[in-house]
Amino acid sequence: MPFTLRGDDVCQITQPSPIPNPYWVAFSASAAELINLETGREGLPMEASWLQVLAGNQLDVGQITFSDPIATAYSGHQFGVWAGQLGDGRAILLGDINELELQLKGAGRTQYSRMGDGRAVLRSSIREFLCSEAMHALGIPTSRALAVVGSKQAVRRETMETAAVCSRIAPSFIRIGHFEHFASLQNIIRLKELANLLISEFYPECSSSKDPYLNLFKEISTRNAKLVAQWQSVGFCHGVLNSDNISALGLTIDYGPFGFLNHFEIDHICNHSDQGGRYAYHRQPQVMHWNMACLASAMLPLLELEYSPEESQTLLRSALEDFSVIYAREWQQIFRRKLGLQSQQDGDVALIERLLQAMHDSQVDFTSFFRGLGDLKKDSMPTEIMQRNDFNDRPNIEKWFADYLVRLQSETISDGARKALMNQINPKYILRNHLAQDAIEKAQQDDFSEIQKLQQILSQPFDEQEDFDHYSKPPPIDMQRVSVSCSS
């Protein structure tokens, strides 16, 4: 969908800044299919000039010309503090293809770069590429990564690094920060245009409702409540859940210092810039709820077009309270499925919470444990279950396994059928930090084979893939506590 809003208060026409001697680092043929981009045997575009386009070096390829690239303005709260105007500081929206927006991240300075150089570096671009595609394969709503194009152009961060441009695809990159921007300017006209654009293109069911803007808020909030429940279910930590990083379509966007849990720590912090742990794993649902409150505040003037200020606040407050209910329902449903439970029974939530507490106390590997749980037989003896060896408190976990086995015996599904279903929701392969780091270090030596291998493995996260079994293992001890900064 083209971002049709125009005006200096909305966006700026922005030409990408060329990079010297671009080369392919990574490419997703799967994402390319979304925009009807034809690829050859090597999995790269048939039209060679796509390399120059995705590097930001030219704006035409074949019959396509991106004549109106833009960077958009938005505002937002960063680490809970109002930051004022922000905007696409290093993202340039080239245009739309097949009703999808194509955006370059790292293609140079924009009107909103502030003190930044508008560039992205190789390591962060590889991480975003791999994680975007991995999340898609896990069935989690996300922007897609089309490609990473590298250059030997020097970029200074903590040290000198090399530049890269990551191309991203999404139905829209509209975010909560766009609403906050117009609300902070008290620009009701723009606020209404933005809401109408979303309703027309993505939430058409809202147009026929009595309260279209209230229902738009409810739909956005619902999508993001379900999204964060899915994050929790695979141990994904976003790292920077600022309001300007939250999609209005309920997509995972803006991959920065993210990380997947290895050993389970409910208060795990993946971003070492997050000194207070605001965005720790267990706080993600709470923070997403807080971001929906930011959206409610920004949309309040739209409701006041039809209701009194008091009525508008009451309606939005009630809608905001639904977030926790929707999240809890989604979380419980997903974790029941992770445990292989088909029915809903009293005591299920307590059973799940007891397990997570035991996993936290013993720092059990999150992904491997749930994947292995599918091998359990209903007639197993708690003292014979090998997974109990991963826990420090043996009597406690044996009691949990005993209760879990009783619960499984109340289900009519066979062990084999249950395992098949559990293996469809409990991935074997995730993008562990040490795997991404290995691929990055090789890429920095111009060896991109590990990126391709990871891309292949992570595209089938629920399959056994026996040849790559070692990629499913927890990291070595010295790599278990890798964290990532916001610098990229």
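The model shown is predicted, which means the values in this text are computed figures rather than measured ones.

A. View of the pattern of salt bridges. All told, the structure shown has 27 salt bridges when counted by the stated rule. Across the pair arginine 157 and aspartate 117 runs a salt bridge, and its minimum N-O distance is 3.0 Å. Pair noted here: arginine 157 is in the loop between β11 (144–156) and β12 (160–170) and aspartate 117 is in the loop between β9 (100–105) and β10 (120–121), with a separation of 40 residues, a long-range link. Taking relative accessible area as the criterion, aspartate 117 reaches 33% and is therefore assigned partly exposed. Note that glutamate 450 and lysine 442 form a salt bridge whose closest N and O atoms lie 3.5 Å from each other. Put simply, Lys105, Glu128, Arg168, Arg175 and Asp254 are held in one network by salt bridges that share partners.

B. Local environment of the layout of surface pockets. Taken as a whole, the second largest pocket encloses approximately 300 Å³ of empty space. Listed by contribution, the elements that provide at least two residues to the lining of the second largest pocket are α8 (309–338) and α9 (348–362). Considered class by class, the residues forming the lining of the second largest pocket number 10 nonpolar, five polar and one charged.

C. Local environment of the pairing of β12. Judged by how many residues are buried, β12 sits mostly within the fold: nine of 11 residues are covered. Judged from the five bridges that link them, β9 and β12 form a sheet pairing that is antiparallel. Note that in β12 the partner of glutamine 103 across the bridge is arginine 168. Bridge analysis of β10 against β12 gives two bridges, and the strand direction is antiparallel. Note on β12: the bridge partner recorded for alanine 120 is alanine 164. Sheet analysis places β11 next to β12, joined by nine bridges and oriented antiparallel. Bridging from a neighbouring strand, arginine 144 pairs with isoleucine 169 of β12. Counted along the chain from β11 to the antiparallel partner β12, the turn is three residues long.

D. Geometry of the packing of helix α4 (residues 176–184) against helix α5 (residues 188–201). Viewed as axis vectors pointing N to C, α4 and α5 meet at an angle of 155°, and their least axial separation amounts to 8 Å. With respect to α5, the axis of α4 lies roughly antiparallel. On α5, the residues that touch His178, Phe179, Phe182 and Ala183 of α4 are Arg190, Leu191, Leu194, Ala195 and Leu198. Considering only residue class, the contact of α4 with α5 consists of seven nonpolar, one polar and one charged.

E. Looking closely at the pairing of β11. Across four bridges, strand β2 (residues 23–27) lies against β11 in antiparallel orientation. Directly across from tryptophan 24, in β11, lies its bridge partner valine 149.

F. Spotlight on the packing of aromatic side chains. Considering all chains together, one arrives at 19 aromatic pairs under this definition. With a centroid separation of 6.2 Å and an interplanar angle of 65°, the aromatic rings of phenylalanine 236 and tyrosine 255 are classed as edge-to-face. Of this pair, phenylalanine 236 sits in strand β13 (residues 236–237) while tyrosine 255 sits in the loop between β13 and β14 (259–260); the two residues are 19 residues apart in sequence, bridging distant segments of the chain. The pair formed by phenylalanine 236 and tyrosine 255 is uniform in burial state, with each residue classed as buried. Taken together, Phe264, Tyr281, Trp331, Phe335, Phe366, Phe369, Phe370, Phe391, Trp400, Phe401 and Tyr404 form an aromatic cluster joined through their ring pairs. Cation over ring: arginine 278 sits above tryptophan 290, and NZ or CZ is 4.7 Å from the ring centre.

G. Examining the environment of arginine 6 more closely. Mapped onto the fold, arginine 6 is located in the segment before β1 (11–13). On a C-alpha basis, the gap between arginine 6 and isoleucine 70 in space is 9.6 Å, while along the polypeptide they are 64 residues apart. Dropping the residues within four chain positions of it, arginine 6 is found in contact with Cys11, Asp68, Ile70 and Arg190. A distance of 3.1 Å separates polar atoms of two side chains, one belonging to arginine 6 and the other to aspartate 68.

Conventions we followed
Residues numbered from 1 in each chain as written. Predicted model: local features only at pLDDT ≥ 70, side-chain atom pairs only at ≥ 80, totals over all residues. Heavy atoms only, no water. Salt bridge = Lys/Arg side-chain N within 4 Å of Asp/Glu carboxyl O. Helix = DSSP H or I, 4+ residues; strand = E, 2+ residues; numbered from the N terminus. Buried < 20%, exposed > 50% of the residue type's maximum accessible area, 1.4 Å probe, protein only. 1 Å grid on protein atoms, 1.4 Å probe; cavity = no way out; pocket = protein on both sides within 12 Å on 5 of 7 lines; lining within 4 Å. Points joined across faces, edges and corners; volume = space filled by probe spheres on them. Nonpolar A, V, L, I, M, F, W, Y, C, P; charged D, E, K, R; others polar. Pairing = 2+ DSSP bridges. Axes fitted to C-alpha atoms, helices over the stretch in contact; angles between N-to-C directions. Parallel < 35°, antiparallel > 145°, perpendicular 65-115°, else oblique. Contact = heavy atoms within 4.5 Å. Phe/Tyr/Trp six-rings, centres within 6.5 Å; stacked < 30°, edge-to-face > 60°. Lys NZ or Arg CZ within 6 Å of the ring centre and 35° of its normal. Polar contact = N/O pair within 3.5 Å; in protein donor to acceptor, adjacent residues only side chain to side chain.

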